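Here is what each chain is made of, one letter per residue.
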Amino acid sequence: MLADLLRLQLDIVGAHSELAASLFGENRLKTMAPACTEARPVITIPGFLASGLSLMRLNSFLRQQGFTAKHWGQGRNLGPQGMDWGHHLDAMVRQMTDHIDALADETSAPVSLVGQSLGGVYARELALRLNDRIDRVIMLGAPTFHPYKSNRHNRLIGTFGYWLNRQSATEFAGREGMLHWQPDRPDMPCVAIHSPVDGVVDEQACHIPSYIVAASSHRSPRENIRVMSSHIGMSVSPLVHLAVADRLLAERANWRAFDPMTYFPTYLRPAVRLLFPESIDMTHPNRAGVFAKAGR
Amino acid sequence: MSEQSTSHRSAPSEQLELPEVLHCLVREHQHFSALLDQIEKKTEQVSPMTLSDYYLLRDIVGYMHDYPIQVHHPTETLVFERLQQRRPKLSKTIRAMFADHEEVAAETEHLLFLLEQIIQKAGREECRAVRTACNDFARHQRQHMQIENLQLFPVALKALSDEDWESLVVEYRAADDPLFGPLVARRHRVLFEYLLGATEQVVAKTENAGWLSLERFSLAFGTLQQGRDAYFELVRVLVEQLGEETSAAAQQVLKPPGVLALMTLPARFATGISKSMLRGSGDLLKISTSTARMFLGDVLSISRRKG
């Protein structure tokens, strides 16, 4: 618990420095990041215990770049609060459908969802249920919940979540768990942005497994972007903002992986490599062979 | 990931010069063995099993119930029937194997039932029954596979001609493995991702992780964390047990069942507490030593790599 408390404190410190970087580098980021020339509606969903205010800077950045960005309009995200996850999501779908439809009608374009942490989980699950209305999903440090694979999430947050929701992660996710999408369903792009220095959730749980990324098609690309950022500060980090804007504008028909190098001068490349570390590869070319090796 | 279509099982590797059917069977035995390792790892853990553990066991046993019945055992039956024609002397062993297939299937079904039951409601007795049933299941499966691997397959390799093997390839039920095959079936995805994580650890231990690598560090750190979690879980269970015993004794004081029972109550209470404490201390010692052993294993392999 003490280690987790330290992790959380470091994360908060990191978030503050990212906020400072965002405030100082606002103008620079605005000129660097891609701008939107057509109607692109975006709904942002805050993380656990956060309200729409936490995504204020992300929304304002996206609006500056020409997107029609709005927060989810449901107030503070308190999680399911003891409710069964399935029922909770059904209720959420009912509440969000009108909001999504209104924004889609206003802009005459399908809506993109950007969710942070638990908000990312909502975005992922909402898009599954409302896939005809959603254009793409971008998750910022959004974990998956596996029914029996242990993850190193911050247990302080886990304990608080248990106290508030009166159910453990295993009970919450059920025996099927809440995993990333299949490679082919739903038929839309999904981007997971995660950080190796995340002080709240385990990065491995946010990473879309490489076997899914490899099997995904051009029609439904799955992509991981690894960025140095605190968990709480993902909504204010200029690096994350840059990646989000880039991915929101990526062409669905001609999807190419995010390349941060294109936004920075050549002499900064070593630094960019540190800030956007290479994605961890979880795919083994011969997994059957490895399983056999794992056996007796 | 879509539910897979029926297609041919993956082609044999070039390193092993076994007939295709036999190669598939041997490889499937390796997969089953890896899964049995996971079952044994769970049942051997000192700390009490949790809902997550039962989910894992249920998924493994579910796979080991479906796939062998649908694909693995019918393939073996084809091979053994042909072997029986070529080596009539082996009839007895082969008939025993067929009977064992039935027995294994019934045992698996029973274990599945127990696991479903314990997922609904976990009691101390049920936990013990599941542990025992899992151990019996793993032992029986290993024995069964050992007889096939060491007695029947080598003889089949010698006794069956190339034509036999070719005709078996045509006959045997061609279906991809839904867990270890090229496409993972939706119902096995949760288990697959768990195994992928376990495999990564094996790979990190044996191949990838270099000196002072993040993977190596997280592996050693993970070992310590697992040990600590098991330690706290056991302490929690111990405290619960002591609480239960104290409340049972208090109830007997308030409503004594008889004079003799009341007089012997302090002695029985002290004995019960001592037994729990002794057993708990032993378990805690076991956890400490196994954690230290595993951690040292990680550290030593770091030193070896360093050297």
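Every chain is numbered independently, its residues counted from 1 as its sequence is written. To read the labels, note that chains go from A and ligands from 1, taken in the order they are written. With pLDDT at 70 or above as the cut-off, local features in this predicted model cover only qualifying residues; side-chain atom pairs require 80 or more to be listed or tallied, and sums for whole chains, interfaces and linings still use all residues. Each side-chain value is derived from all of the structure's non-hydrogen atoms; neither hydrogens nor water enter the calculation.

**Brief notes about the overall build of chain A**
Part 1 of the reasoning: For the purposes of this entry, the term helix denotes a DSSP run of H or I that reaches at least four residues, the term strand denotes a run of E that reaches at least two, and both are numbered from the N terminus. Helix and strand counts for chain A stand at twelve helices and six strands.
Part 2 of the reasoning: The C-alpha radius of gyration computed for chain A amounts to 19 Å, which stays within 12% of the reference 19 Å derived for 296 residues, consistent with globular compactness.
Part 3 of the reasoning: The dimensions of chain A, computed from C-alpha atoms along their principal axes, are 55 × 45 × 40 Å.
Part 4 of the reasoning: Classification of residues uses two cut-offs on accessible area relative to the type maximum, computed with a 1.4 Å probe and protein chains only: under 20% is buried, over 50% is exposed, and between them is partly exposed. Considering chain A as a whole, with its 296 residues, one finds that 56% of them fall into the buried category. The globule rule used here is 2.2 Å times the number of residues to the 0.38 power, and the radius of gyration it is set against is calculated over C-alpha atoms.

**Focus on the overall build of chain B**
Part 1 of the reasoning: Helices and strands together make up the secondary structure of chain B, namely eight helices and zero strands.
Part 2 of the reasoning: For chain B, the α and β elements follow one another from N to C terminus as α-α-α-α-α-α-α-α.
Part 3 of the reasoning: The buried share of chain B, reckoned over its 307 residues, is 44%.
Part 4 of the reasoning: Counting only carbon and sulfur atoms, one obtains 59% of the accessible surface of chain B, whose full area is about 16,400 Å². The Shrake-Rupley method, run with a 1.4 Å probe, gives the accessible areas here. Residue values count only the displayed protein chains as cover.

**Digging into the packing of aromatic side chains**
Part 1 of the reasoning: Pairing of aromatic side chains here covers Phe, Tyr and the six-membered ring of Trp, requires ring centres within 6.5 Å, and sorts the geometry by plane angle: under 30 degrees stacked, over 60 edge-to-face, intermediate tilted. If you walk through the whole model with that rule in mind, you get ten aromatic pairs over all chains.
Part 2 of the reasoning: Relative to Y67 of chain B, the ring of Y63 of chain B has its centre 5.7 Å away and its plane inclined at 10 degrees; by these criteria the two rings are stacked. Separated by four residues within a single helix, Y63 of chain B and Y67 of chain B lie in helix α2 (residues 51–86), roughly one turn from each other.
Part 3 of the reasoning: Owing to a relative accessible area of 3%, Y67 of chain B belongs among the buried residues under this scheme.
Part 4 of the reasoning: Aromatic ring contacts, followed pair by pair, group F32, Y63, Y67 and F180 of chain B into a single cluster.
Part 5 of the reasoning: For the cation-ring pair, R247 of chain A lies above W255 of chain A, with the distance from its terminal atom to the ring centre recorded as 4.9 Å. Two thresholds decide whether a charge sits over a ring: the Lys NZ or Arg CZ must be within 6 Å of the ring centre and within 35 degrees of the ring normal.

**Considerations on the nonpolar core**
Part 1 of the reasoning: With 74 residues, the main nonpolar core has I43 and V137 of chain A together with Y63 of chain B as its most contacted residues.
Part 2 of the reasoning: In terms of residues, this core owes the most to one element, α2 of chain B, which gives ten residues.
Part 3 of the reasoning: Not counting chain neighbours up to four residues away, the residues in contact with I43 of chain A comprise K70, H71, W72, M96, H99, I100, L103, V111, S112, L113 and V114 of chain A.
Part 4 of the reasoning: The definition of a nonpolar core used throughout is a set of buried Ala, Val, Leu, Ile, Met, Phe, Trp, Tyr and Cys residues joined through side-chain atoms within 4.5 Å. Residues L29, L62, L242 and A245 of chain A belong to the second largest nonpolar core, which totals 34 residues. Any two residues having at least one pair of non-hydrogen atoms within 4.5 Å are treated as being in contact.

**Some words on the pairing of strand β1 (residues 41–45) of chain A**
Residue and element names in this part refer to chain A.
Part 1 of the reasoning: Taking burial as the measure, the five residues of β1 include five buried ones, the bulk of the element.
Part 2 of the reasoning: Burial along β1 is two-sided: P41, I43 and I45 and V42 and T44, pointing in opposite directions, are all buried.
Part 3 of the reasoning: Alignment of β1 against strand β2 (residues 68–71), held across four bridges, turns out to be parallel. Its bridge partner lying in β2, I43 is registered against K70.
Part 4 of the reasoning: Note that β1 and strand β3 (residues 111–116) share four bridges and pair parallel. Any two strands between which DSSP finds at least two bridges are classified as paired.

**Notes on the sheet that holds strand β4 (residues 134–140) of chain A**
Residues and elements named next belong to chain A.
Part 1 of the reasoning: Ordered by their spatial adjacency, six strands build an open sheet running β2-β1-β3-β4-β5-β6, and the pairing between neighbours is parallel. Edge strands, defined here as strands with exactly one partner in the open sheet, are β2 and β6 (222–226). In this sheet, adjacent strand axes meet at a mean angle of 20 degrees when their direction is disregarded.
Part 2 of the reasoning: Across the sheet, helix α5 (residues 118–129) touches β1, β3 and β4, and the angle it forms with β3 is around 145 degrees.
Part 3 of the reasoning: Packed on one face of the sheet, helix α10 (residues 238–249) meets β1, β3, β4, β5 (190–194) and β6 and runs near 160 degrees to β4. For helices, the fitted axis covers only the stretch in contact; all axes are lines through C-alpha atoms, and the angles between them, taken along N-to-C directions, range from 0 to 180 degrees.

**Here's the deal with the domain arrangement of chain B**
Residues and elements named next belong to chain B.
Part 1 of the reasoning: Note: domain ranges come from an automatic or database domain assignment. Domain parsing of chain B yields domain 1 (3–177) and domain 2 (220–306).
Part 2 of the reasoning: Computed over C-alpha atoms, the centres of domain 1 and domain 2 are 36 Å apart.
Part 3 of the reasoning: Listed by partner, the interface residues are four residues for domain 1 and nine residues for domain 2.
Part 4 of the reasoning: Joining two parts hides part of their accessible area as seen by a 1.4 Å probe, and the buried area is that hidden amount summed over both. Sorting the residues of domain 1 by area buried against domain 2 places V46, P48 and R124 first, and these three jointly supply 78% of that buried surface.
Part 5 of the reasoning: The term salt bridge refers to a pairing of a side-chain nitrogen on Lys or Arg with a carboxyl oxygen on Asp or Glu at a separation within 4 Å. Run the count over domain 1 and domain 2 and you get zero salt bridges.
Part 6 of the reasoning: Nitrogen and oxygen atoms within 3.5 Å of one another constitute a polar contact, given that in protein one can donate a hydrogen and the other can accept it, and given that sequence-neighbouring residues count only through two side-chain atoms. At the surface where domain 1 touches domain 2, the tally comes to zero residue pairs in polar contact (both at pLDDT 80 or more).
Part 7 of the reasoning: Under the grouping applied here, Gly and all other residues not named as nonpolar or charged are polar, the nonpolar ones being Ala, Val, Leu, Ile, Met, Phe, Trp, Tyr, Cys and Pro and the charged ones Asp, Glu, Lys and Arg. Looking at the side of domain 1 that touches domain 2 residue by residue, the classes come out as two nonpolar, one polar and one charged.

**Considering the pattern of salt bridges**
Residues and elements named next belong to chain A.
Part 1 of the reasoning: Within this structure, the stated rule accounts for 24 salt bridges over all chains.
Part 2 of the reasoning: A salt bridge links D135 to R252, with the shortest nitrogen-to-oxygen separation between them at 3.3 Å. Separated by 117 residues along the polypeptide, D135 in strand β4 and R252 in the loop between α10 and α11 (269–275) bring together distant segments of the chain.
Part 3 of the reasoning: You can call R252 partly exposed: its relative accessible area is 27%.
Part 4 of the reasoning: A salt bridge links R219 to D187, with the nearest nitrogen and oxygen atoms 2.5 Å apart. Here R219, found in the loop between α9 (210–215) and β6, pairs with D187, found in the loop between α7 (169–173) and β5; they are 32 residues apart in sequence, far enough to count as distant.
Part 5 of the reasoning: A relative accessible area of 58% means that R219 is categorised as exposed.

**Some words on the side chain of H188 of chain B**
Part 1 of the reasoning: Within the secondary structure, H188 of chain B sits in the loop between α5 (162–171) and α6 (189–208).
Part 2 of the reasoning: When near neighbours in sequence (up to four residues on either side) are disregarded, H188 of chain B contacts Y63, P178 and L179 of chain B.

**Observations concerning the packing of helix α1 (residues 2–24) of chain A against helix α6 (residues 155–165) of chain A**
All names here are of chain A.
Part 1 of the reasoning: Contact geometry of α1 with α6 gives a least axis separation of 8 Å together with a crossing angle of 100 degrees. Put simply, α1 runs roughly perpendicular to α6. Contacts from D4, L5 and L8 in α1 reach R155, L156 and I157 in α6.
Part 2 of the reasoning: Taken together, the residues of the contact of α1 with α6 break down into four nonpolar, no polar and two charged. In these notes the angle categories are as follows: under 35 degrees is roughly parallel, over 145 is roughly antiparallel, 65 to 115 is roughly perpendicular, and the rest is oblique.

**Comments concerning a nonpolar patch on the surface**
Residue and element names in this part refer to chain B.
Part 1 of the reasoning: The residues that make up patches have over 30% relative accessible area and no salt bridge, and they are joined within 9 Å when like-charged or within 5 Å when they are Val, Leu, Ile, Met, Phe, Trp or Tyr. The grouping of Y231, F232, V235 and V239 at the surface amounts to a nonpolar patch, some 360 Å² of accessible area in total.
Part 2 of the reasoning: The topology assignment puts Y231 in helix α7 (residues 214–254).
Part 3 of the reasoning: Note on Y231: relative accessible area 35%, which makes it partly exposed.

**A word on the environment of L296 of chain B**
All names here are of chain B.
Part 1 of the reasoning: In this fold, L296 is placed in helix α8 (residues 259–306).
Part 2 of the reasoning: The class for L296 is partly exposed, based on a relative accessible area of 49%.
Part 3 of the reasoning: With 73 residues separating them along the chain, L296 and T223 place their C-alpha atoms 9.8 Å apart.

**A closer look at the environment of V239 of chain B**
Residue and element names in this part refer to chain B.
Part 1 of the reasoning: Tracing the sequence through the fold places V239 in helix α7.
Part 2 of the reasoning: On the basis of relative accessibility, which here comes to 54%, the residue V239 falls in the exposed class.
Part 3 of the reasoning: Residues V239 and M277 lie 38 residues apart in sequence; the distance between their C-alpha atoms is 9.7 Å.

**As for the confidence of the model for chain A**
Residues and elements named next belong to chain A.
Part 1 of the reasoning: The pLDDT averaged across chain A works out to 85; a share of 94% of its residues lies at or above 70.
Part 2 of the reasoning: For every residue, the predictor reports its confidence as pLDDT, a number between 0 and 100. Across chain A, the secondary-structure element scoring lowest on mean pLDDT is helix α12 (residues 287–294), at 38, and the one scoring highest is β1, at 95.
Part 3 of the reasoning: Within the model, pLDDT remains below 50 along residues 282–296, and this stretch shows 37 contacts once partners closer than five positions in the same chain are excluded.

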